[in-house]
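Okay, here's what each chain looks like letter by letter:
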Amino acid sequence: MAAKGAHGSHLKMESELERCRAEGHWDRMPELVRQLQALLGPGGGGGRRPSPGAAVTAPDADDFGKLLLAEALLEQCLKENHAKIKDSIPLPEKNEPKMNEARNHLSSILNHGRLSPQYLCEAMLIQGKLHYVEGSYRDAISMYARAGIDDMSMENKPLYQMRLLAEAFVIKALSPIALATSCSLSPALYSFQHASGLGEHSPGGQRSCRGGLSLERLPNSIASRHRLTEREEEVITCFERASWIAQVFLQELEKITNNTTSRHLKGSHPVDYELTYFLEAALQSAYVTNLKKGNIVKGMRELREVLRTVETKATQNFKVMAAKHLAGVLLHSLSEECYWSPLSHPLPEFMSKEENSFITQALRKPHLYEGDNLYCPKDNIEEALLLLLISESMATRDVVLSRAPEQEEDRAVSLRNAAAIYDLLSITLGRRGQYVMLSECLERAMKFAFEEFHLWYQVALSMVACGKSAYAVSLLRECMKLRPSDPTVPLMAAKVCIGSLHWLEEAERFAMMVIDLREEAGEFLSKGYLALGLTYSLQATDATLKSKQDELHRKALQTLQRAQQLAPGDPQVILYVSLQLALVRQISSAIEQLQEALKVCRDDANALHLLALLFSAQKHYQHALDVINMAITEYPENFNLMFSKVKLEQVLKGPEEALVTCRQMLRLWQTLYSFSQLGGLEKDGSLGEGVTLKKQSGMHLTLPDAHDADSGSRRASSIAASRLEEAMSELTVPSSVLKQGPMQLWTTLEQIWLQAAELFMEQRHLKEAGFCIQEAAGLFPTSHSVLYMRGRLAEMKGSLEEAKQLYKEALTVNPDGVRIMHSLGLMLSRLGHKSLAQKVLRDAVERQSTCHEAWRGLGEVLQAQGQSEAAVDCFLTALELEASSPVLPFSIIPREL
């Protein structure tokens, strides 16, 4: 009975020792060694250890205990000096008592040689690790060669031996003698921290090797090209084997730990295993090395295999980093044409460029996620997005929110990792224009973005990109609090306020914030003055009193000229100085300034457009049309240019030619609309089949035929319109997507229809004009432009009261519409309401003092009232203004930063 009890105690002790060595409970090892020696000592049961593969007799108990203590002491020393190990700083034996004691134990064991071959081999593996830690890299390699790690098998061996062998392969590869290929690569390169810096190469691919040998210091015989290649391949082979073994070890360890916990401690959770430095290196060194060498195929293969392995708690953070690295490779190093899915093979030319690794013996590989109907990405963007979304969910879950001083470093690291993932997400989603999705992702980061400028600014920029401008300005205000001396933030806020929001008072405040920085703003000071000048210019356009307009125009010109003094070569500043001069009708000066801008930037769309308008203001219509045609060649999708072309063709060649351009604009709109509807879908149907456009009643993109309603014969002008119908297919839109997409696209379509209606009215083709107005009204029935054109059509048909009512409705929607005021004033005059007509027209010229049509209309009304002198003044003003009036107002040139 006593023998059976001793045998049971021995088995229990053996199991506990193996578990502690596998799980890293080194603080328990001294007590377990004492218990083992008591069990195997005299009177303690004696006899042989029942394990036939690893016998320990009573006389050997002392050496076996020394082996256990040596491993425990070394691991405790490594844990205490984790930072030094990562930085590849050798640990001097004289400064580390635990290392010294471990060395003495191991030397005694190897000198005696009494232990079984299995334990002697373990002693050699531990001794090799100790040599590496103290900087004796050659001794480490020699010890592993003596242990024969290349021929070791993991079948039917204790779990802790997998850890020892994985660490041995990593150390063998990290040692500078084995790293003669990449040479000055520091062993610390493969640490968890350093691996995150993929793509950071020094000139020539060289790195310093602290504490070891560099390529320049190696003997010439070692540096031979053939031997270097062999060593390089051997390094990668060691890293690959270490990675496989480490993953199998962690999977088996979690399985055993979970079983033990569920069996003995119901309801409790297993303790998380803390990865050692060498296990971290084992997990990631293979793919890092391949990527550093430029072996994209092998590096991606390793990363994909790592990410497909069944996850353990110990590898969760590592997988987040691996997913981030793979996403970076997909975005940075692989085009969509060269992409291959995880379940396919790369192009042959890729494989031929990369060397074949050594053929290694079959190793037990880790378990992979498998199953039917697994999702497989279709291109690199899709795979990168999938990886980053998974990484983001894990990174935001594990981020350290506590602001306690003792957790400051952990918080900084977790925040840095999360920010890197969000940066890659910005690149990935930005490529597909998915800014709404990006803003939603970045909003989730706000919970840990307290006083983190980068994340706040990223969220603000995403809101700008997806059109949430008001929210973006609020975020930018918070960014200004975090960096009050950064001029780019208020400039971005001013840009948003000037552009989509038209918050001119806010824009003025933001621009003044930049100007108030003075020299601290540096090169952005001129941009601050530019923003302020544009704000004044836009305020002048919006002002209702002529005196206020003149004052703001003067301030705008002075501010813009100040910006030009600070940045005399900035073409954007010169352009807006020219535009401001044009707005106050200094045409010659505007052209001189614009010529300077075109010397710097010859193909700028706004500059060419302004040049054409300036030519038209000088009545050089053919030159203006030539410039517009040249600009459209460079910017074929610019509707502003095409609207100006229509006006110029209307003046030079008549409405027939202008209608042909309208046809082209409708075709372009159809193309852009189709692209906007399909733009959210991935290429090649990766997110679904393409949208099938079906007939939608009432929605056409063909101009009507222009027939003579009386005789039925076709006029000459109808030939162009008939060509439009023959050449133009109908735009058909599914009801589910009607009026989806950017609103600017639909307002552009409305303006195209109304422009065509105006051309038909000039030809007296009222039926066709009515059709075009009806199409525009189908888009925006209460638009002031639609109401105005309906009023003009009613006026041409002789329905004066109806026309007056429509003009009034249009003016109600847009009280500042000068063109509406002009038409309404003339209509009131025709109906006999002279005084009211005079008031409306005076409001028009007060609102826009450069509108020569309004001045002429006011003169006609005054003349009808018998006020001849006042009428003459109005007619002279109209003639003077008409001499410098472009075909379209200069204000159609966008004023934006």
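Now for a look at the structure at hand.

The rules behind each value
Residues numbered from 1 in each chain as written. Predicted model: local features only at pLDDT ≥ 70, side-chain atom pairs only at ≥ 80, totals over all residues. Heavy atoms only, no water. Helix = DSSP H or I, 4+ residues; strand = E, 2+ residues; numbered from the N terminus. Buried < 20%, exposed > 50% of the residue type's maximum accessible area, 1.4 Å probe, protein only. Contact = heavy atoms within 4.5 Å. Areas by Shrake-Rupley, 256 points an atom, 1.4 Å probe, with all protein chains shown as cover. Axes fitted to C-alpha atoms, helices over the stretch in contact; angles between N-to-C directions. Parallel < 35°, antiparallel > 145°, perpendicular 65-115°, else oblique. Left-handed = near helix turned anticlockwise from the far one by under 90°. Nonpolar A, V, L, I, M, F, W, Y, C, P; charged D, E, K, R; others polar. Phe/Tyr/Trp six-rings, centres within 6.5 Å; stacked < 30°, edge-to-face > 60°. Expected span 1.5 Å × (residues − 1). Polar contact = N/O pair within 3.5 Å; in protein donor to acceptor, adjacent residues only side chain to side chain. Salt bridge = Lys/Arg side-chain N within 4 Å of Asp/Glu carboxyl O. Patch = residues over 30% accessible without salt bridge, like charges linked within 9 Å, V, L, I, M, F, W, Y side chains within 5 Å.

### What to know about the overall build of the chain
Then step 1. Within the chain one finds 37 helices and zero strands.
Then step 2. Residues counted as buried form 53% of the 897 residues belonging to the chain.
Then step 3. Taking the intrachain contacts of the chain between residues at least 6 apart in sequence as the baseline, contacts between residues at least 24 apart amount to 68%.
Then step 4. Only carbon and sulfur atoms are counted for the fraction: they give 52% of the accessible area of the chain, which is about 41,500 Å².

### Things to note about the packing of helix α3 (residues 61–80) against helix α6 (residues 117–133)
Then step 1. At their nearest, the axes of α3 and α6 sit 11 Å apart, and the two run at 25° to each other. Considering their axes alone, α3 and α6 lie roughly parallel with respect to each other. As for how α3 packs across α6, the hand of that crossing is left-handed. Counted together, Phe64, Leu67, Glu71, Leu74, Glu75 and Leu78 of α3 and Tyr119, Glu122, Ala123, Ile126, Lys129, Leu130 and Val133 of α6 form the full contact between these two elements.
Then step 2. Taken together, the residues of the contact of α3 with α6 sort by class into nine nonpolar, no polar and four charged.

### Re unusual backbone geometry
Then step 1. The backbone phi angle of Arg585 is positive, close to 65°, even though this residue is not glycine.
Then step 2. With respect to the helices and strands, Arg585 occurs in the loop between α23 (571–583) and α24 (587–600).
Then step 3. Of note, Arg764 is a non-glycine position whose phi angle comes to about 65°, a positive value.
Then step 4. Within the fold, Arg764 resides in the loop between α30 (743–762) and α31 (766–779).

### A short note on the packing of aromatic side chains
Then step 1. Overall, the coordinates contain 10 aromatic pairs when judged by the stated rule.
Then step 2. A centroid spacing of 5.2 Å and a plane angle of 65° characterise the contact between Trp669 and Trp746, whose relative ring orientation is edge-to-face. Of the two residues, Trp669 sits in helix α28 (residues 655–678) while Trp746 sits in helix α30, which places them 77 residues apart along the sequence. With respect to burial, Trp669 and Trp746 carry one shared label: buried.
Then step 3. Here Tyr788 and Tyr807 contribute two aromatic rings whose centre-to-centre distance is 5.8 Å and whose plane-to-plane angle is 40°, an arrangement assigned as tilted. Of the two residues, Tyr788 sits in helix α32 (residues 784–796) while Tyr807 sits in helix α33 (residues 800–813), which places them 19 residues apart along the sequence. As far as burial versus exposure is concerned, Tyr788 and Tyr807 are alike and both buried.
Then step 4. Among the aromatic side chains, those forming a connected cluster through ring pairs are Tyr132, Tyr137, Tyr277 and Phe278.

### Regarding α6
Then step 1. For α6, with 17 residues, the first-to-last C-alpha span of 24 Å sits near the 24 Å given by 1.5 Å per residue.
Then step 2. Counting buried positions along α6 gives 16 out of 17 residues, so the element sits mostly inside the fold.
Then step 3. Phi turns positive, to about 95°, at Gly135, one or two residues after α6.

### Quick word on helix α27 (residues 639–652)
Then step 1. Compared with the 20 Å implied by 1.5 Å per residue over 14 residues, the 20 Å span of α27 between its first and last C-alpha is a close match.
Then step 2. The element α27 is largely enclosed, with a buried count of 11 among its 14 residues.
Then step 3. Directly beyond the C-terminal end of α27, a positive phi value near 100° is found at Gly654.

### Here we look at the packing of helix α16 (residues 435–444) against helix α17 (residues 453–465)
Then step 1. For the pair α16 and α17, the least separation of the axes is 8 Å and the interaxial angle reads 155°. As the angle between them shows, α16 and α17 are arranged roughly antiparallel. The way α16 lies across α17 gives a crossing that is left-handed. Residues Tyr435, Leu438, Ser439, Leu442 and Glu443 of α16 touch α17, and the partners they reach there are Gln458, Val459, Ser462, Met463 and Ala465.
Then step 2. Counted by class, the contact of α16 with α17 contains six nonpolar, three polar and one charged residues.

### Some points on the side chain of Lys172
Then step 1. Its location among the elements puts Lys172 in helix α8 (residues 159–174).
Then step 2. Lys172 sits in the buried class, given a relative accessible area of 12%.
Then step 3. Here the side chain of Lys172 touches Asp150 through a polar contact of 3.1 Å, side chain to side chain.

### Some thoughts on the pattern of salt bridges
Then step 1. The tally for this structure, following the rule as stated, stands at 40 salt bridges.
Then step 2. The residue Asp63 makes a salt bridge to Arg114 at a minimum N-O spacing of 3.4 Å. Taken together, the positions of Asp63 in helix α3 and Arg114 in the loop between α5 (97–112) and α6 put the pair 51 residues apart, joining distant regions of the chain.
Then step 3. For Arg114, a relative accessible area of 40% puts it in the partly exposed group.
Then step 4. Close ionic contact of Lys255 with Glu252 constitutes a salt bridge, the shortest N to O distance being 3.5 Å.

### Here's the deal with a nonpolar patch on the surface
Then step 1. Among the surface-exposed residues, Tyr375, Leu386 and Ile390 lie close enough to one another that they form a single nonpolar patch of about 290 Å² accessible area.
Then step 2. When you line up the elements, Leu386 lands in helix α14 (residues 380–398).
Then step 3. Since its relative accessible area comes to 34%, Leu386 is described here as partly exposed.

### Quick notes on the side chain of Lys804
Then step 1. Among the structural elements, Lys804 can be located in helix α33.
Then step 2. Relative accessible area serves as the criterion here: at 12%, Lys804 is assigned to the buried category.
Then step 3. The contact partners of Lys804, leaving out residues within four places of it in the chain, are Leu824, Met827, Leu828 and Leu831.

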